[in-house]
Amino acid sequence: GRPVKDVVVSDGYDVTKTDEDGIYQLASEKKHKYVFISIPSGYTVKLSGSQPVFFQYLVNSPSVKERVDFTLYEDTDQTKHTMVVMGDIHLASRNNDLNQFQNFVNDLNTYMSSNPSVKFYGLTLGDLAWDQYWIPNGYDLTNYMKDIAKVNAPVFNTIGNHDHEQAAAGDFNTVAVYKRTVCPTYYSFNIGKVHYVVLDDIECTNSGAGDRSYNTKIVDEQIEWLRKDLQFVSSETPVVLAMHSPVYNESGVNRLANSDKVIEVLSGRKVHIMTGHTHIMYNVDNLSESDTGHYEHNSGAVCATWWWSGYEVPGIHISTDGTPGGYRVFDVEGTEFEWVYKGTGKDESYQ
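My aim in this report is to walk through the structure given alongside it, one point at a time. (Residues numbered from 1 in each chain as written. Predicted model: local features only at pLDDT ≥ 70, side-chain atom pairs only at ≥ 80, totals over all residues. Heavy atoms only, no water.)

Focus: the nonpolar core
Next up, step 1: Core analysis: the biggest nonpolar cluster contains 93 residues, and F54, M83, Y144, F189, L199 and L241 have the highest contact counts within it.
Next up, step 2: Setting aside its immediate chain neighbours within four residues, M83 contacts Y121, G122, L123, F189, I191, Y196, R328, V329 and F330. (Core = buried A, V, L, I, M, F, W, Y, C linked by side-chain atoms within 4.5 Å. Buried < 20%, exposed > 50% of the residue type's maximum accessible area, 1.4 Å probe, protein only. Contact = heavy atoms within 4.5 Å.)

What about unusual backbone geometry?
Next up, step 1: Its identity as a non-glycine residue notwithstanding, D6 has a phi of 65 degrees, on the positive side.
Next up, step 2: Structurally, D6 can be placed in the segment before β1 (8-10).
Next up, step 3: Accessibility expressed as a relative area gives 41% for D6, which makes it partly exposed.
Next up, step 4: Located in the positive-phi region is N95, a residue other than glycine, with phi close to 55 degrees.
Next up, step 5: By the secondary structure assignment, N95 is in the loop between β9 (80-86) and α1 (97-113). (Helix = DSSP H or I, 4+ residues; strand = E, 2+ residues; numbered from the N terminus.)

What to know about a nonpolar patch on the surface
Next up, step 1: Among the surface-exposed residues, V313, I316 and I318 lie close enough to one another that they form a single nonpolar patch of about 220 Å² accessible area.
Next up, step 2: Summarising the element assignment, V313 is placed in the loop between α6 (308-312) and β20 (326-333).
Next up, step 3: What makes V313 partly exposed here is its relative accessible area of 44%. (Patch = residues over 30% accessible without salt bridge, like charges linked within 9 Å, V, L, I, M, F, W, Y side chains within 5 Å. Areas by Shrake-Rupley, 256 points an atom, 1.4 Å probe, with all protein chains shown as cover. Salt bridge = Lys/Arg side-chain N within 4 Å of Asp/Glu carboxyl O.)

Describing the layout of surface pockets
Next up, step 1: Empty space within the largest pocket amounts to approximately 950 Å³.
Next up, step 2: In this structure, the largest pocket is lined by 32 residues; those nearest its centre are G22, Y24, V68, D69 and F70.
Next up, step 3: A class-by-class count of the residues in the lining of the largest pocket yields 17 nonpolar, 6 polar and 9 charged.
Next up, step 4: If you add up the space inside the second largest pocket, you get close to 330 Å³.
Next up, step 5: Taken together, 18 residues line the second largest pocket, and the ones lying closest to its centre are Q100, G315, I316, H317 and T344.
Next up, step 6: Ranked by residues supplied to the lining of the second largest pocket, first place goes to α1 with 3 residues.
Next up, step 7: Grouping the amino acids of the lining of the second largest pocket by side-chain chemistry returns 8 nonpolar, 9 polar and 1 charged. (1 Å grid on protein atoms, 1.4 Å probe; cavity = no way out; pocket = protein on both sides within 12 Å on 5 of 7 lines; lining within 4 Å. Points joined across faces, edges and corners; volume = space filled by probe spheres on them. Nonpolar A, V, L, I, M, F, W, Y, C, P; charged D, E, K, R; others polar.)

Re the sheet that holds strand β3 (residues 34-38)
Next up, step 1: Here 4 strands make up an open sheet; going across it, the order is β2-β1-β3-β7 and the pairing antiparallel. Looking at the sheet topology across the chains shown, the edges are occupied by β2 (15-17) and β7 (55-57). Neighbour-to-neighbour, the strand axes of this sheet turn through a mean angle of 20 degrees, independent of strand direction.
Next up, step 2: Sheet analysis places β1 next to β2, joined by 3 bridges and oriented antiparallel. Bridging from a neighbouring strand, S10 pairs with V15 of β2. (Pairing = 2+ DSSP bridges. Axes fitted to C-alpha atoms, helices over the stretch in contact; angles between N-to-C directions.)

Some points on the pairing of strand β13 (residues 194-198)
Next up, step 1: Burial of β13 is extensive: 5 of the 5 residues sit out of reach of the surface.
Next up, step 2: Of the two faces of β13, the one carrying V194, Y196 and V198 and the one carrying H195 and V197 are both buried.
Next up, step 3: Here strand β12 (residues 187-191) pairs with β13 via 5 bridges, running antiparallel. Looking at the pairing, N190 lines up with H195 of β13.
Next up, step 4: In this structure, the hairpin formed by β12 and β13 is closed by a connection of 2 residues, where G192 is found at a positive phi of approximately 60 degrees.
Next up, step 5: Bridge analysis of β13 against strand β16 (residues 239-242) gives 4 bridges, and the strand direction is parallel. Pairing of H195 across the sheet is with V239, part of β16.

Interpretation in functional terms is not warranted from these geometric data alone.
What follows is the structure in structure tokens.
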């Protein structure tokens, strides 16, 4: 019942903020058919399962005005919080993955409940399901949303290459199912003193069914949206950037096709980049570089080797580099970060 000012609102192209009466306006072409807010620090939104509902779908043509309201709920101090980062989950109803995933959920929920004073959030890094098996195995993103809801915390999702509908053609069409089922493919939110940004760095170049080609690239419209989004964020505010494919490879060499554009937009900011895709774990530390100031955490995989190792040898759940399937735990206090990797079924001290 009380208006909230300075809430950032976007349609994926234009970015604005609410005035002192909580009012915003966008002259939107409604290309993505939704509008979303960047959840402001000190607030939460309602959940659908575990998915924060920070977006709403548009139903009319661009020529028809629509009023879309959002409700925010005041939250207690978020300055100290923990973000659980979950690399490739890859659920497909194969390799006994659903039972193995339940072991992961049990482990994560137990870990969180054993730290009752901590404010927990979840962040996935793409390849949530597996488009190749949506139809033959009867397991798609709708099923994933039901299963990830078993996690007892809000979970912000990221799209991966296997979350694109490769039966469709082109970069825009392949994300239609994801946007309709999960959430926007790129967006931002704030928790405490940290600004989180989620991007889609998979550019599908496929021509339709049977063609699974793509580039690891952040398309220009997202680069421009990111530039606009960050105009509302102080340069002193640390940024966490989440996307599926890494910016660098294990030796620190650029892997993302247009990594230079991304780094340029983020220049002058303290940035932690969270990525998956590789199913292994490594770090690239450029925080001390005056012209970059970022640190990439390639964060392993919940599914390890696509759930194969635990299927072949129950109890042995490892990635190809020997990292156990699991998740990264980022403890945030103010603008400072500490992190540790926790293997599923392993103690935090097991490294």
